[in-house]
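Here's the letter readout for the chains.
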Amino acid sequence: MSQFTTAGQNTLETSKGAVSYWTNGEGPGPAVVFLQGFLAGPDVWSPVVAELAGRHRCFTVDWPFGAHGRPMRADADLSPPGVAELVVEVLDRLGEPSAVLVGNDSGGVIAQLVTAAHPDRVAALALVACDAFEVFPPGVYRLLFRLASVPGVVRAMAAAMNVPAIARSRVGFGAVLEHCPGSVRHWAAPLAADPGVRRDITKLMTGASNAQTLGAARAFGGYDRPVLVVWADRDRLFPLALGRRLARAFPFGRLEVIKNSGTFVPHDQPARLAELLAGFLAEQDLR
């Protein structure tokens, strides 16, 4: 099970299966919905949410990104476009006509796809060190994603990520974390324990294509709401030039760079990320 099992856990029944979520905070305006990265649990957002919940309604969700504690339906479309539709369905079932989407790593891809297909559902957008344009998946993971359909590959990946030394290394969570990569090894436990979770992440991996991110990017010029792009100065997957390009693609996009962080900024620098998000949300008329 994912270790994000604190008080306040709720369940939504969706067409793709049951989804666990947590609500924190109150405030006017649209909700803030967080999308974590590949193999990351929703608890990666906990310190960020703790800073924002005083003024905003924050939703964290156990999205089917490989660290989720409950498999989705066997027939569910969990390709990136399929997960983007799941986000819209979750908003529907929560009764939220629109939301601020905050996406990191692969979660940023999903946020882009939702923005491109359903711009009216996205009150504002924050993209944090994520795939974009032709960089999906990023170079070091491209071959792994292509091989995911080969029997035994995802199971071997799960087993490797549950070996402490590998999990901490640059082929494990050390690739995306600058600090304490061993502290998140619990994210890999569902992948090793549950064949349904492995089935789900295989769908995401084999269904990923940069044609999806390139297609979404063609719609960015028409998105007329605020966009904050946050990049990490020590990112090993996504160069700063990609972040600059992403910010420029939106009419109202701006870039902020966070120091001493890897790709998973909410883990490495949660206080600084929360500060940037709080300022971004406060300066916008998002009602």
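Residues numbered from 1 in each chain as written. Predicted model: local features only at pLDDT ≥ 70, side-chain atom pairs only at ≥ 80, totals over all residues. Heavy atoms only, no water.

### Thoughts on the environment of Lys259
Short version of the rule: Helix numbers and strand numbers start at the N terminus; a helix is a DSSP run of H or I with at least 4 residues, a strand a run of E with at least 2. Burial status follows relative accessibility: with a 1.4 Å probe on protein chains alone, a residue under 20% of its type maximum counts as buried, one over 50% as exposed, and anything between as partly exposed. Contact definition: two residues touch when any of their heavy atoms are within 4.5 Å.
Tracing the chain through its elements places Lys259 in the loop between β8 (253–258) and α11 (265–268). The class of Lys259 is exposed, set by a relative accessible area of 67%. A C-alpha to C-alpha distance of 8.8 Å links Lys259 and Trp231, two positions 28 residues apart in sequence. Not counting residues within four places of it along the chain, the set of residues in contact with Lys259 comprises Asp233 and Gln269.

### Focus: the sheet that holds strand β2 (residues 17–24)
The test is simple: Pairing between strands requires that DSSP locate at least two bridges from one strand to the other. All axes are obtained by fitting lines to C-alpha atoms, using only the stretch in contact for helices, and the reported angles, taken between N-to-C directions, cover 0 to 180 degrees.
Spatially, the eight strands line up as an open sheet ordered β1-β2-β4-β3-β5-β6-β7-β8, and their pairing is mixed. Here the strands that pair on one side only, and so sit at the sheet edges, are β1 (9–14) and β8. Shown here is a sheet whose adjacent strand axes are inclined to one another by a mean of 25°, direction ignored. Packed on one face of the sheet, helix α2 (residues 80–94) meets β1, β2, β3 (31–35), β4 (58–61) and β5 (99–104) and runs near 115° to β1.

### Side note on a nonpolar patch on the surface
We apply this condition: Patches were defined on residues exceeding 30% relative accessible area and lacking a salt bridge, with like-charge contacts within 9 Å and nonpolar side-chain contacts (Val, Leu, Ile, Met, Phe, Trp, Tyr) within 5 Å. Values of accessible area rely on a 1.4 Å probe in the Shrake-Rupley scheme; residue burial ignores everything except the protein chains shown. Salt-bridge detection follows one rule: a side-chain nitrogen of Lys or Arg within 4 Å of a carboxyl oxygen of Asp or Glu.
Nonpolar side chains collect at one region of the surface, where Leu143, Leu147 and Val150 lie side by side and expose about 250 Å² of accessible area between them. The topology assignment puts Leu143 in helix α4 (residues 139–147).

### Looking at the packing of aromatic side chains
Rules: The rule is short: rings of Phe, Tyr and Trp, with Trp giving its six-membered ring, pair when the centres are within 6.5 Å, and they are stacked under 30 degrees, edge-to-face over 60, tilted in between.
All chains considered together, the criterion is met by nine aromatic pairs. With 4.2 Å between their ring centres and 25° between their planes, Phe220 and Phe250 make a pair best called stacked. Note that Phe220 is positioned in the loop between α9 (210–217) and β7 (227–232) and Phe250 in the loop between α10 (240–248) and β8, a separation of 30 residues in sequence. Here Phe220 matches Phe250 in class, with each residue buried. Look at Trp231 and Phe238: their rings are 6.4 Å apart centre to centre, the planes differ by 65°, and that puts the pair in the edge-to-face class. Judged on exposure class, the residue Trp231 and its partner Phe238 are both buried.

### Looking at the pattern of salt bridges
A complete count under the given rule lists eleven salt bridges for this structure. Across the pair Arg93 and Glu89 runs a salt bridge whose closest N-O atoms are separated by 3.0 Å. On the criterion of helical spacing, the pair formed by Arg93 and Glu89 is a turn pair, its members being four residues apart in helix α2. Take Glu89: its relative accessible area is 13%, and that puts it in the buried class. Between Arg121 and Asp92 there is a salt bridge, with the nearest N and O atoms lying 2.9 Å from each other.

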